[in-house]
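The chain contents come next:
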Amino acid sequence: MAGTSNGDRIVLAALVTLVVMVGAMLLGGTVGQLVFSYTIIAFFGLYFLLGVQSTADHTEWAPFVKVAGGLVIILSVVFAALWFFHFQNPTYTDPVYWLGFPRATAIVVYGLWMPPAILMMLAYPYLFDRFIWKDEQAERFEQMERKPSPSVAGDD
């Protein structure tokens, strides 16, 4: 099965990523956990690109690849910090608190959840106005709104 379009290639890459994730879960241990962490980041990036694939086909891929790349970089750094602190104290016998949470929880909340959300909140309006919703689509939508709806027979 040879993929001919970008969408086919992204789906194929996502399937390969999922197989690697299953292999990492079966492998287990430290290596399996690390491989799983980074393959899920790749899967999120591919999922994002698949979502914008139809828009990117008739505009350009660069902005979407930059946003997905930014997400992958942010998540990679956060997962690296999470694993680094986990290996410093794997039993969590003496937790260190950051901003009201144990260090690992603080990294998940402030590093894993917030930066990608902020990046997407900033990227969405830029990408939407420039690439997703075109002026001619807005005009067609406004014209559809102005047209009177056809009356149903027997409506009085």
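Conventions we followed
Every chain's residues receive numbers from 1 upward, in the order its sequence appears when written. For a predicted model such as this one, the threshold for reporting local features is a pLDDT of at least 70, and the threshold for listing and counting side-chain atom pairs is 80 or more; totals across whole chains, interfaces and linings nevertheless cover every residue. Only hydrogens and water are set aside when side-chain values are computed; all heavy atoms of the structure are taken into account. A pair of aromatic rings is counted whenever rings of Phe, Tyr or Trp (Trp by its six-membered ring) have centres within 6.5 Å, and the orientation is called stacked for planes under 30 degrees apart, edge-to-face for over 60 and tilted otherwise. Strands here are runs of E lasting at least two residues and helices are runs of H or I lasting at least four, both read from the DSSP assignment and numbered beginning at the N terminus. Exposure categories follow from relative accessible area, calculated using a 1.4 Å probe and restricted to protein chains: below 20% of the type maximum is buried, above 50% is exposed, and the middle band is partly exposed. Scored from 0 to 100, pLDDT reflects the predictor's confidence in each residue. Distance and chemistry together define a polar contact, namely a pair of N or O atoms within 3.5 Å, with one atom able to donate a hydrogen and the other to accept it when in protein, and with adjacent residues in sequence counting only for side-chain atoms on both sides. Residue contacts are counted whenever heavy atoms from the two residues lie within 4.5 Å of one another. For our purposes a nonpolar core is just a set of buried Ala, Val, Leu, Ile, Met, Phe, Trp, Tyr and Cys residues, chained together by side-chain atoms within 4.5 Å. To count toward a patch, a residue needs a relative accessible area over 30% and no salt bridge; like charges are then connected within 9 Å, while nonpolar side chains (Val, Leu, Ile, Met, Phe, Trp, Tyr) are connected within 5 Å. We get accessible surface area from the Shrake-Rupley algorithm with a probe of 1.4 Å; when it comes to residues, only the shown protein chains can shield them. The term salt bridge refers to a pairing of a side-chain nitrogen on Lys or Arg with a carboxyl oxygen on Asp or Glu at a separation within 4 Å.

### As for the packing of aromatic side chains
- A complete count under the given rule lists four aromatic pairs for this structure.
- Residues F85 and W98 carry aromatic rings whose centres are separated by 5.1 Å and whose planes lie at 80° to one another, so their mutual orientation is edge-to-face. Of this pair, F85 sits in helix α4 (residues 62-88) while W98 sits in strand β1 (residues 97-98), placing them 13 residues apart in sequence.
- With a relative accessible area of 35%, W98 lands in the partly exposed category.
- Following the ring pairs from residue to residue traces out a cluster consisting of F84, F85 and W98.

### Re the confidence of the model for the protein
- Averaged over all residues, the pLDDT of the protein equals 76, while 81% of them reach at least 70.
- Taking the mean pLDDT of every element in the protein, the minimum, 63, falls on helix α3 (residues 53-58) and the maximum, 86, on helix α1 (residues 6-27).

### Things to note about the environment of A13
- Residue position: A13 is located in helix α1.
- Between the C-alpha atom of A13 and that of A42, which follows or precedes it by 29 residues, the distance is 9.3 Å.

### Thoughts on the side chain of T17
- One can find T17 in helix α1.
- On the basis of relative accessible area, T17 is assigned to the buried category, the value being 10%.
- Here A13 takes part through its backbone oxygen, which lies 2.7 Å from a polar atom of the side chain of T17.
- Excluding its chain neighbours within four sequence positions, the residues that come into contact with T17 are T39, A42, F43 and L46.

### With respect to the nonpolar core
- Ranked by size, the top nonpolar core spans twelve residues in total: M21, I40, I41, L75, V78, F79, L82, W83, F85, A104, I107 and L112.
- When residues of this core are traced back to their parent elements, those giving at least two are α2 (29-51), α4 and α5 (103-132).
- Looking at which element gives the most residues to this core, the answer is α4, with six residues.
- Counting eleven residues, the second largest nonpolar core, distinct from the first, contains I10, L49, A123 and L127.

### Focus: a nonpolar patch on the surface
- Taken together, the side chains of V96, W98, L99, F101, Y110, W113, M114, I118, M121 and L122 make up a nonpolar region of the molecular surface, amounting to roughly 1,000 Å² of accessible area.
- Top element by residues in the nonpolar patch is α5. It accounts for six residues.
- Within the element layout of this structure, M114 appears in helix α5.

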